[in-house]
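These are the residues of each chain, in order.
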Amino acid sequence: MTSKKIQLDIIGLSESQTQGNSYVLILGDQKSSKKLPIIIGPYEAQAIALELENIEPTRPLTHDLFKHIFKAFKLQLNEVIIYKLHDGIFYSKLVCEDHSGIIEIEARTSDAVAIAVRFNASIKTFAFILDTAGVIIQESKEGKLIANDASIIEPSNTNEYANLLNDELEFLLAKLLKNENYELASKVRDEINRRKTS
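The sections below set out a description of the structure shown in this document. (Residues numbered from 1 in each chain as written. Predicted model: local features only at pLDDT ≥ 70, side-chain atom pairs only at ≥ 80, totals over all residues. Heavy atoms only, no water.)

Right, let's get into unusual backbone geometry. Phi at Lys 74 takes a positive value of approximately 55°, unusual for a residue other than glycine. Relative to the assigned elements, Lys 74 resides in the loop between α2 (62-72) and β4 (76-86). A positive phi angle is found at Asn 120, which is not glycine, with a value near 55°. As for its placement among the helices and strands, Asn 120 is situated in the loop between α3 (109-119) and β7 (122-126). (Helix = DSSP H or I, 4+ residues; strand = E, 2+ residues; numbered from the N terminus.)

Here is the structure:
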């Protein structure tokens, strides 16, 4: 049985508050409150932002070069799929097509998204990835997307999770994921899931 694919939109792109010289790319679908925050490098963030803002650099960036190569060899980009999450790393592939059929090309998620926006190609993931790594991100009064700072409620052991409110758990989970502390994040998620099923 194949897991359902979910189309994602770029919800936000902002400088990471917890990791120097990094950015947070936030992907999400319109039907779910869960968003997928992905830590990316400054170069890939710039490549995505320039294309979203329709700003043409003086010379082609690497992702523009890929687009020119695709067109030169009549390779069509159908979609980008974020298909796996392992040890806190998202795995993606470009699903392409030429005269001989479908071709799947492995790519870093940041590069895959930077190429997808150049082709106006859809970005998709599977429901189980959104369920596993998705976080609820609040919108501030200024309209900015934020995952609230949960540093003051980071517990030192799992026994303390039971004392936290549901909102506090969600904020803590978002922060742990942003910090790529997946071991603690999994324990927080277990507590959230335990409450949902109890």
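Next comes the rest of the account.
In the contact formed by α2 and α3, the axes pass within 9 Å of each other and the chain directions differ by 55°. On the basis of the axis angle, α2 is oblique to α3. As α2 packs across α3, the resulting crossing turns out to be right-handed. Residue-level contacts link His 63, Asp 64, Phe 66, Lys 67 and Phe 70 of α2 to Asp 111, Ala 114, Ile 115, Arg 118 and Phe 119 of α3. Considered class by class, the residues forming the contact of α2 with α3 number 5 nonpolar, 1 polar and 4 charged. (Axes fitted to C-alpha atoms, helices over the stretch in contact; angles between N-to-C directions. Parallel < 35°, antiparallel > 145°, perpendicular 65-115°, else oblique. Left-handed = near helix turned anticlockwise from the far one by under 90°. Contact = heavy atoms within 4.5 Å. Nonpolar A, V, L, I, M, F, W, Y, C, P; charged D, E, K, R; others polar.)

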